[in-house]
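# Report on the structure
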Amino acid sequence: TTQWTIGKDSTNNSFRISNSASLGTSDTLTLVGANATFAGTINSGTITSTGIVKAATTFQATAGDMTFFVNNVGEAMRIQQNTGNVGIGETSPDFRLDVSKGYTSGNGKVAKFRSGNDATFVNFDTVQVVQQDVPCLAIIETSTGAQADEQKLTFAVGDNKAIIGTTSTVTNGMSFYTNRAVTTTGFSSQGNLALHLANTGNVGIGTITPGDFDGES
């Protein structure tokens, strides 16, 4: 029979529950056991865990950001109050997900998205998209929410080929610009038009309205 001990430490006004004879020493509420389960709401304070905190638990910060600390690292993740922005290695997240990593030359390793077999890291790889069969990165505008209206740019590799493609809804084709200002928004045509690929397959150099073969200097 497992012995449970319940008691109060009047020294620091703490309440403890343990499945052993020992009550612990410092936490306001102590659950001892490798697979201790807590069901309820924790509104504030610090949670220190050496085991598993199972589901059916709500962690709620009543004031300020919610932060998560790990040993030998310090703050590992933060959920910002008012915005809900999540920072991993970032104490002031400006985006819904804001990931920051200290710089080491040749060792970016900020993010990896993987399905199936892993890939080898090569120096200066910052983000890897890895899939066992034909990984594809898709950038999509969903202005109406209907698939028929989606404007889509995809980058794919596999089956012995690499493809960059746009959908027919991208009616103005694909353009390549150089010498753009650093403040230019991504979809702006500011800068020097170097190359344009029309949906017809025609190629324009310095022009966005190429014929079967057209170039301007």
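Since the structure is predicted, the reported quantities are computational estimates derived from the model, not experimental observations.

Let's shift gears to the overall build of the protein chain. When its secondary structure is counted, the protein chain shows 0 helices and 18 strands. When each of the 217 residues of the protein chain is scored for burial, the buried share is 15%. Looking at the protein chain alone, contacts between residues at least 24 apart form 5% of all its contacts between residues at least 6 apart. Approximately 15800 Å² of the protein chain is accessible, and the part contributed by carbon and sulfur atoms is 52%.

At N72, a residue that is not glycine, the phi angle is positive and equals roughly 70 degrees. Here N72 is to be found in the loop between β6 (66-70) and β7 (74-79). You will see that V134, though not glycine, has its phi angle at about 50 degrees, which is positive. Considering the arrangement of structural elements, one finds V134 in the loop between β11 (127-131) and β12 (136-141).

The next subject is the environment of N107. Within the secondary structure, N107 is located in the loop between β9 (97-99) and β10 (111-115). Note: C-alpha distance between N107 and D125 (18 residues apart in sequence) is 7.2 Å. Non-local contacts of N107, meaning those with residues more than four positions away in its chain, are made with K101 and F121.

With that settled, consider the pairing of β11. Alternating residues of β11 divide into Q128 and V130, all buried, and V127, V129 and Q131, none buried. In this structure, β10 lies alongside β11, joined through 5 bridges in parallel fashion. Along β11, the bridge assignment pairs R114 with V130.

A cluster of nonpolar side chains, contributed by I88, L97, V99, V110, F113, V127, V129, L137, I139, F155 and I164, occupies part of the molecular surface with about 960 Å² of accessible area. Mapped onto the nonpolar patch, the elements with two or more residues apiece are β9, β11 and β12. With respect to the helices and strands, I164 occurs in strand β14 (residues 161-166).

Considering only enclosed or pocket space, the largest pocket measures out at about 860 Å³ in volume. Lining the largest pocket are 24 residues, with V170, G173, M174, S175 and F187 positioned closest to its centre. When residues of the lining of the largest pocket are traced back to their parent elements, those giving at least two are β12, β13 (151-158), β14 and β15 (174-178). Each residue belonging to the lining of the largest pocket can be placed in one class, and the counts come to 11 nonpolar, 10 polar and 3 charged.

What follows deals with the pattern of salt bridges. Evaluated as defined, the whole model comprises 4 salt bridges. For E75, the salt bridge identified is with R78, shortest N-O distance 2.7 Å. In this structure R78 comes out as buried when scored by relative accessible area, which is 16%. Here D118 and R114 are joined by a salt bridge, their closest N and O atoms 3.6 Å apart. Residue classification places D118 among the partly exposed positions, given a relative accessible area of 47%. Residue R114 is classed as partly exposed on the basis of its relative accessible area, which comes to 48%. Sharing partners across several salt bridges, the network here consists of D65, E75 and R78.

What counts as what
- Residues numbered from 1 in each chain as written.
- Predicted model: local features only at pLDDT ≥ 70, side-chain atom pairs only at ≥ 80, totals over all residues.
- Heavy atoms only, no water.
- Helix = DSSP H or I, 4+ residues; strand = E, 2+ residues; numbered from the N terminus.
- Buried < 20%, exposed > 50% of the residue type's maximum accessible area, 1.4 Å probe, protein only.
- Contact = heavy atoms within 4.5 Å.
- Areas by Shrake-Rupley, 256 points an atom, 1.4 Å probe, with all protein chains shown as cover.
- Pairing = 2+ DSSP bridges.
- Patch = residues over 30% accessible without salt bridge, like charges linked within 9 Å, V, L, I, M, F, W, Y side chains within 5 Å.
- Salt bridge = Lys/Arg side-chain N within 4 Å of Asp/Glu carboxyl O.
- 1 Å grid on protein atoms, 1.4 Å probe; cavity = no way out; pocket = protein on both sides within 12 Å on 5 of 7 lines; lining within 4 Å.
- Points joined across faces, edges and corners; volume = space filled by probe spheres on them.
- Nonpolar A, V, L, I, M, F, W, Y, C, P; charged D, E, K, R; others polar.

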